[in-house]
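Letter by letter, the chains look like this.
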Amino acid sequence: MTETILLVGGKGTRLRPLTVHTPKPMVPAAGVPFLTHQLARARAAGVEHIVLATSYLAEVFEPYFGDGSALGLHLEYVTEEEPLGTGGAIRNVASRLHSGPDDPVLIFNGDILTGLDIRALVDTHETTGADVSLHLTKVTDPRAYGLVPTDDTGRVLAFLEKPQTPEEIVTDQINAGAYVFRRSVIDTIPLGRPVSVERETFPELLTAGAHLQGMVDSTYWLDLGTPAAFVRGSADLVLGRAPSPAVPGRCGDRLVLPTATVAADAKLSGGTVVGEGAFVAEGARVFGSTILPGAVIEPGAVITDSLIGTRARVGERSVLTGTVIGDGAIIGPDNELRDGARIWCDAQIPAGAVRFSSDQ
């Protein structure tokens with residue numbers, strides 16, 4: 001089966017403070033680092049050799065995954081000294097590939113949660129004789145994405161930057177972040193400098209007359225680039241809406257890892273995850289949220305669609321909605337934090353210091 005490149009070098013700036021100490025692909029989703037889900041799905045599709053293109057906090061990956069044998073994989077790691085973009089990262093790891101010039105090479109962005117039929121994408125690539133094949137997905141509002149129109153046979157016609165006017169929205173198909181490259185095409189990418197496949201490689205290939213094929217697969221797809229999306233993706237994994245063989249337990253309303261402690265009358269629902277060594281006290285209510293390892297949720301706290309960082313603490317009766325709490329932060333009792341709030345790592349908020357309602 002096709003060997004694979006996984007692009008995991010991004011800084012994850014939109015996810016901060018989650019990514020201050022942890023690279024984005026290593027932030028836990030449904031109880032394990034998100035990258036585990038991608039590796040497990042690739043293995044389930046028959047992939048055996050994966051090269052990880054790392055950069056930011058690159059030293060974190062290999063100690064966790066090792067040579068990949070525990071997952072039935074052969075993993076290699078290549079670190080960029082300076083960020084090279086998607087295309088530059090692909091070219092930078094090419095020497096680790098064993099494929100022949102006409103063999104297909106799978107490439108995945110490290111921040112996409114998807115139910116893509118990986119085998120179908122490879123089959124499409126091979127049956128059409130394409131130079132590059134792209135997973136495309138349809139979205140309701142494509143304004144935030146680059147558009148990829150195709151003809152009746154699925155052949156890519158253009159790559160259009162984010163549309164600014166209704167007239168520019170010529171398709172609802174977007175680049176979904178998974179590709180199959182003919183091995184020889186990778187060698188045409190410039191070596192040693194930043195290159196964007198979306199803005200440089202793909203448009204130049206089209207101009208040169210190369211065959212770029214799109215395959216629309218509109219199963220589950222989510223870009224985990226923002227805290228809200230990451231929390232939702234983790235919950236969807238737990239609920240079984242997003243497929244992964246790596247969820248450490250049965251899918252359901254909640255996932256409590258073995259060393260976590262949850263009080264008998266605490267209520268967990270909506271795909272909530274309670275990580276290793278975390279504690280949820282009596283009377284707490286947690287919906288659709290991720291509680292990372294070692295975090296403490298004190299009595300009566302109410303947490304919705306939020307992520308609580310490693311070793312963080314949420315005080316009694318505090319109410320958090322759509323909030324990210326950084327590692328080691330302490331939220332005192334009787335605070336209210338609402339959508340979009342990000343509390344930085346190790347910050348401390350005194351009791352009752354932040355409210356959106358009366359203190360009565």
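Residues numbered from 1 in each chain as written. Predicted model: local features only at pLDDT ≥ 70, side-chain atom pairs only at ≥ 80, totals over all residues. Heavy atoms only, no water.

- Per an unreviewed UniProt entry, the chain goes by NDP-sugar synthase and derives from Streptomyces coeruleorubidus.
- Comment text from UniProt for the chain, heading Sequence similarities (unreviewed entry), reads "Belongs to the transferase hexapeptide repeat family." (UniProt positions renumbered as here; feature names shortened; annotations may be inferred.)

### A short note on the overall build of the chain
- A tally of helices and strands in the chain yields seven helices and 28 strands.
- Relative to its length of 360 residues, the chain is compact, with a C-alpha radius of gyration of 22 Å against a globular reference of 21 Å.
- Split into buried and exposed, the 360 residues of the chain put 56% on the buried side.
- Taking the contacts inside the chain whose residues are at least 6 apart along the sequence as the reference set, 52% of them involve residues at least 24 apart.
- For the chain, the accessible area works out to roughly 15200 Å², and carbon and sulfur atoms hold 51% of it. (Helix = DSSP H or I, 4+ residues; strand = E, 2+ residues; numbered from the N terminus. Rg over C-alpha atoms; globule rule 2.2 N^0.38 Å. Buried < 20%, exposed > 50% of the residue type's maximum accessible area, 1.4 Å probe, protein only. Contact = heavy atoms within 4.5 Å. Areas by Shrake-Rupley, 256 points an atom, 1.4 Å probe, with all protein chains shown as cover.)

### Some remarks on the sheet that holds strand S23 (residues 319-321)
- As summarised here, the arrangement of the five strands in space is S14-S17-S20-S23-S26, forming an open sheet in which the pairing is parallel. A single partner strand is all that each edge strand has here, and the edge strands are strand S14 (267-269) and strand S26 (336-337).
- Bridge count for strand S17 (residues 285-287) against strand S20 (residues 302-304) is three bridges, and the pairing is parallel. Paired with phenylalanine 287 across the bridge in S20 is threonine 304. (Pairing = 2+ DSSP bridges.)

### Some details on the pairing of strand S6 (residues 104-109)
- The element S6 is extensively covered by neighbouring structure, given that six of its six residues are classed as buried.
- Burial of the side chains of S6 extends over both faces: Pro104, Leu106 and Phe108 are buried on one face and Val105, Ile107 and Asn109 on the other.
- Where strand S1 (residues 3-7) meets S6, five bridges bridge the pair, whose relative direction is parallel. Along S6, the bridge assignment pairs leucine 7 with asparagine 109.
- Pairing geometry for S6 and strand S9 (residues 173-182), over five bridges, is antiparallel. Looking across to S9, one finds that proline 104 is bridged to arginine 182.

### Quick look at the UniProt feature "domain: Mannose-1-phosphate guanyltransferase C-terminal" (unreviewed entry) in the chain
- Within this structure's numbering, the places UniProt gives as "domain: Mannose-1-phosphate guanyltransferase C-terminal" (unreviewed entry) are residues 252-332.
- Helix makes up 0% of residues 252-332 and strand 42%, and the two end C-alpha atoms of the span are 31 Å apart.

### A word on the environment of histidine 211
- With respect to the helices, strands and loops of the structure, histidine 211 is situated in the loop between helix H6 (197-207) and strand S10 (212-216).
- Each C-alpha atom, one on histidine 211 and one on valine 156, is 7.8 Å from the other, the two residues being 55 residues apart in sequence.
- With residues up to four places along the chain from it excluded, the contact list for histidine 211 reads Thr128, Gly129, Ala130, Asp131, Val132 and Arg155.
- There is a polar contact of 2.8 Å between the side chain of histidine 211 and the side chain of glutamine 213. (Polar contact = N/O pair within 3.5 Å; in protein donor to acceptor, adjacent residues only side chain to side chain.)

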